[in-house]
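Understanding the architecture of this molecule
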Amino acid sequence: MSAKRDYYEVLGISKSSSVDELKKQYRKLALKFHPDRNNSSDAPEHFKEISEAYAVLSDPEKRQLYDQHGHAGVDGRYSSEDIFQGARGDFSDIFGRGGGGFDSIFESIFGRGGGGGFSFNQERGSDILYQTTVTLEDVLHGKKMEIDLQKQIQCDVCHGSCCKPGTNKKTCATCNGQGQIRQTRNMGFASFVTAATCPACRGQGSIIETPCSDCKGQGKKKGSKKVTFEIPPGVDSGDYTVPNEGNEVSSGTNGDLIVRIHVQPHSHFNRDGKDIFYDQDVTMIDAALGCEITVPTLEGTEKIKVDSGSQPNTIIKLKGKGVSHINSRGKGDQYVRIVVNIPKKLSKHQKNLLDEFQKTRD
Ligand SMILES: [Zn+2]
Ligand SMILES: [Zn+2]
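Quick notes on the rules
Residues numbered from 1 in each chain as written. Chains lettered and ligands numbered in written order. Predicted model: local features only at pLDDT ≥ 70, side-chain atom pairs only at ≥ 80, totals over all residues. Heavy atoms only, no water. Donors = N, O, S within 2.8 Å, 3.2 Å for Na, K, Ca; no water. Tetrahedral: all angles 85-135°; square planar, octahedral: opposite > 155°, others 65-115°. Buried < 20%, exposed > 50% of the residue type's maximum accessible area, 1.4 Å probe, protein only. Helix = DSSP H or I, 4+ residues; strand = E, 2+ residues; numbered from the N terminus. Core = buried A, V, L, I, M, F, W, Y, C linked by side-chain atoms within 4.5 Å. Domains from an automatic or database assignment. Contact = heavy atoms within 4.5 Å. pLDDT = per-residue confidence, 0-100.

1. Side note on the coordination of the zinc ion (ligand 2)
- The protein atoms donating to the zinc ion (ligand 2) are Cys 172 (SG), Cys 175 (SG), Cys 198 (SG) and Cys 201 (SG), with metal-donor distances spanning 2.2 to 2.3 Å.
- One can describe the site at the zinc ion (ligand 2) as tetrahedral: its four donor atoms subtend angles covering 103 to 116° at the metal.
- Mapped onto the sequence, the donors of the zinc ion (ligand 2) take the spacing C-x2-C-x22-C-x2-C. Each member of the pair, Cys 172 as well as Cys 175, carries the same accessibility label: buried.

2. Some thoughts on unusual backbone geometry
- Even without a glycine there, the phi angle at His 159 is positive, about 50°.
- Structurally, the position occupied by His 159 is in the loop between strand S2 (143-154) and strand S3 (170-171).
- For His 159, a relative accessible area of 35% gives the class partly exposed.
- Unusually for a residue other than glycine, Cys 162 sits at a positive phi of about 75°.
- By relative accessible area, Cys 162 is classed as buried at 0%.

3. Thoughts on the nonpolar core
- Core analysis: the biggest nonpolar cluster contains 34 residues, and Phe 229, Leu 257 and Val 336 have the highest contact counts within it.
- By residue number, the principal contributor to this core is strand S9 (residues 257-263), which donates four residues.
- Built from parts of two domains, this core gets at least three residues from each of domain 2 (123-159 + 222-264) and domain 3 (270-360).
- Those residues within four positions of Val 336 in sequence are excluded, and the remaining contacts are Tyr 278, Gln 280, Val 295, Ile 304, Thr 314, Ile 315, Ile 316 and Leu 318.
- Membership of the second largest hydrophobic core comes to 25 residues, among which are Tyr 8, Leu 11, Ile 13 and Phe 33.

4. Overview of the confidence of the model for the chain
- Summarising the model, the chain shows a mean pLDDT of 85, and 88% of its residues fall at 70 or more.
- Within the model, the stretch residues 112-121 combines pLDDT values under 50 with 27 contacts to residues more than four positions away or in other chains.

5. Regarding the coordination of the zinc ion (ligand 1)
- Bound to the zinc ion (ligand 1) on the protein side are Cys 155 (SG), Cys 158 (SG), Cys 212 (SG) and Cys 215 (SG), at distances that span 2.3 Å.
- Angles of 104 to 115° at the metal separate the four donor atoms of the zinc ion (ligand 1), which places the site in the tetrahedral class.
- In terms of primary sequence, the donors binding the zinc ion (ligand 1) are separated according to C-x2-C-x53-C-x2-C. Within this pair, whereas Cys 155 is found in the loop between S2 and S3, its partner Cys 212 is found in the loop between strand S6 (206-207) and strand S7 (220-231), the two being separated by 57 residues in sequence.
- The class of Cys 155 is buried, set by a relative accessible area of 0%.

Take a look at the structure:
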């Protein structure tokens, strides 16, 4: 007997994961490893493994048994088929529409009735654009965002199954769950096969007998959801993707949330990648005699020494006082440019002093 892997490990979740996290993770893996989508030879085995792990962990009683006694606790009590049947409603929620849903998975795993015919509904929710403005200070530290997003959300009553809770979709009898009706017509020497969308189920392969009254059988509805994400330090203006947080679908893949970031120009700093540029005014006298000044940085202030005889446009570098950048390591620097102010107006006294000064030059 080969050793069975730990169910949590199989799904890549932790023991404390919530039912919601479990479901999300299973859906993700199932879409990846379903034999209809994945051609590798071990996909069916892998799909069975993750589905079994999900079936056990999604059932509170079985999960408890498993947590206490491991595989022995569950396997001793339930057959593999019992386990899958027990999670029937959940699988239907996850695989929702499409030819046959749960029955097809069950068949593909246990090999009843020849399988086949199962196809994922590849519906994908649309992306949502969210625009936000951040300051240079936000660029320095990054920013946690929590927004109320108006979007299509999966119906929380039927969890996207579109059916009234406690009921299931029925395989369409008209097309046998295929979603299509094939007709063969013999035209003399040749026969033509035409495939038309099944009118009874509109190509869905299944029929909702009792629609969920909350979403009117749509599996989704307009709503608002709190979405949290982090704007990383060092961002530039541009589009960033928060996967899976766009419009939700009843079954399939959610759209993405596209966060369009505008970095606001700063009133006195300029930014170029990781570096910050700042102009510091210094009087002609201070430039000539030298001085100590305090300059602002993104994080506070910094004292710098202006040497005597400093020339206009002298650059003083403040190491590590820039910002980080998402595409590189470490922080940039701040460059302080010394702008020497020549007085535009002089008092009579000042003029006399400068005249005196002039006479001292040889
Ligand atoms: Zn619903
Ligand atoms: Zn049909």
